[in-house]
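Descriptive structure summary
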Amino acid sequence: MARTRVRLASLLALSAALALVTGCGNGNTASKDGPPGGKPVVVVTTTWEGAFAKAAGAEDVKVIVPQSVHHAPDYDPKPSDVAAVGKADFVLYAPFEPYAAKIKEAAGSKAELVEVNLDNDADKVKAEVARLGKLFGTEAAAARWTASFDTEYAKLSKDVQGSWPGGKSPAVVTQAFTGWSARLAGAAPVGTYGPEAVTPAQLAELSGKKPALVLDNAHMSTGTVLPDSGARQVEIVNYPGTDLDLLPVYRNAAAELKKAMGGS
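The structure contained in this document is the topic of the report that follows.

How each quantity is defined
- Residues numbered from 1 in each chain as written.
- Predicted model: local features only at pLDDT ≥ 70, side-chain atom pairs only at ≥ 80, totals over all residues.
- Heavy atoms only, no water.
- Pairing = 2+ DSSP bridges.
- Helix = DSSP H or I, 4+ residues; strand = E, 2+ residues; numbered from the N terminus.
- Axes fitted to C-alpha atoms, helices over the stretch in contact; angles between N-to-C directions.
- Contact = heavy atoms within 4.5 Å.
- Buried < 20%, exposed > 50% of the residue type's maximum accessible area, 1.4 Å probe, protein only.
- Lys, Arg positive; Asp, Glu negative; His and termini not counted.
- Salt bridge = Lys/Arg side-chain N within 4 Å of Asp/Glu carboxyl O.
- Core = buried A, V, L, I, M, F, W, Y, C linked by side-chain atoms within 4.5 Å.

Across the sheet, which stays open at both edges, the 4 strands sit in the order E2-E1-E3-E4 with parallel pairing between neighbours. If you trace the sheet from one side to the other, it starts and ends with strand E2 (60-63) and strand E4 (112-115), each paired once. Shown here is a sheet whose adjacent strand axes are inclined to one another by a mean of 25°, direction ignored. Pairing of strand E3 (residues 90-93) with E4 involves 4 bridges; the strand directions are parallel. Within E4, the residue paired with Tyr93 across the bridge is Glu115. Most of the contacts of helix H2 (residues 47-55) go to strand E1 (residues 41-44), to which it runs at about 155°, and overall it touches E1, E2 and E3. Of the strands in this sheet, E1, E3 and E4 touch helix H5 (residues 122-136), which is tilted by about 170° from E4.

This next bit is on the side chain of Glu49. Tracing the chain through its elements places Glu49 in helix H2. Buried within the structure, Glu49 lacks any salt-bridge partner; its nearest side chain of opposite charge belongs to Arg131, at an N-O separation of 10 Å. Look past the residues within four positions of Glu49 in its chain and what remains in contact with it is Val44, Leu92, Tyr93, Ala94, Glu97, Val116 and Leu118.

Looking now at H2. Counting buried residues along H2, 8 of its 9 residues qualify, which places the element largely inside the surrounding structure. Burial in H2 covers these residues: Thr47, Trp48, Glu49, Gly50, Ala51, Phe52, Ala53 and Ala55. Where H2 is buried, its residues meet E1, E2, E3, H5 and helix H6 (139-161).

Relative to the helices and strands, Pro98 resides in helix H4 (residues 98-107). Under the relative-accessibility criterion, Pro98 is labelled partly exposed at 48%. Sequence spacing of Pro98 and Tyr75 is 23 residues, and the spatial spacing of their C-alpha atoms is 9.4 Å.

What follows concerns the nonpolar core. Core analysis: the biggest nonpolar cluster contains 47 residues, and Leu92, Phe136 and Tyr250 have the highest contact counts within it. If you tally residues by element for this core, the top one is helix H9 (residues 247-260), at 7 residues. Ignoring sequence-local partners within four residues, the contact set of Leu92 consists of Val42, Val43, Val44, Thr45, Glu49, Ala53, Val114, Val116, Leu132 and Phe136.

Glancing now at the sheet that holds strand E7 (residues 213-217). Pairing in this open sheet of 4 strands is parallel, and the strands run E6-E5-E7-E8 from one edge to the other. Every other strand in the sheet has two partners, leaving strand E6 (189-193) and strand E8 (232-236) as the edge strands with one partner each. Averaged over all pairs of adjacent strands, the angle between strand axes in this sheet comes to 20°, irrespective of strand direction. Sheet topology note: the strand E5 (residues 172-175)/E7 ladder contains 3 bridges and is parallel. Bridged to Thr174 within E7 is Leu215. Helix-sheet contacts for H9 involve E7 and E8, and the interaxial angle to E8 is about 175°.

Within this structure, the stated rule accounts for 8 salt bridges. Note that Glu59 is salt-bridged to Lys39, the shortest N-O span being 3.6 Å. On the criterion of sequence distance, the pair formed by Glu59 in the loop between H2 and E2 and Lys39 in the loop between helix H1 (2-22) and E1 is long-range, its members being 20 residues apart. Considered together, Glu59 and Lys39 belong to a single accessibility category, that of exposed residues.

Our focus in this paragraph is unusual backbone geometry. Gly194 connects to Pro195 through a cis peptide bond whose omega is 5°. Mapped onto the elements of the fold, Pro195 is located in the loop between E6 and helix H8 (200-208). Even without a glycine there, the phi angle at Asp228 is positive, about 65°. Note on placement: Asp228 falls in the loop between E7 and E8. According to the relative accessible area criterion, Asp228 is exposed, its value standing at 86%. Positioned with a positive phi, Leu244 is a non-glycine residue whose angle comes to about 60°.

Now the structure itself:
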């Protein structure tokens, strides 16, 4: 109940601040032909959406949730966040982030609210980057990024698969949001858990699959997932850094996977 009152107070303060930002008139409407100069101002909730936007060709990207916030959906928007929203052409968010839609609704700005499918699966990433590039009017930049991504991904995937123990794909268990890293490693998951904590029944079932690796979500970790199973746990990071570069996410995952499989 106390937390509900805190969130309500935060939202009321946010709405009041937004009224100041947007109350000077609504003559600044977005053109149907896109933002002036073809360079959209993009506000994103986290660095993950920010990396998608940057890959799609956006140059002016503002991130709302600080990278220091370990679990982004828990973030309480501050009144200071709204100035950026009021100037945005696009606001990118994920459906599991409840605050993003509230920010846009309260702001009443010219920004277009865009839901992003946050999944680092290679095919889904490329589809989202192409979609955003078309939306931003930056298709050429999105296509260039995709070409460089394809080259890097193929190299990393080949490198990881070269570290398979005995040349055989390892059995892996993945968290709900780390399946992409199993595909990077060329491994077919034998089980999946989360985002909730593993129950005793799941523990018995997943341990019975005898996985070599557990690919845990570093942002939602509940500790050792399958204790006493003999599986090595790998922490997979989904969110890019403040540079909004998505490629290091794949490089870091590949390095952790190789290490776990006994590679250099």
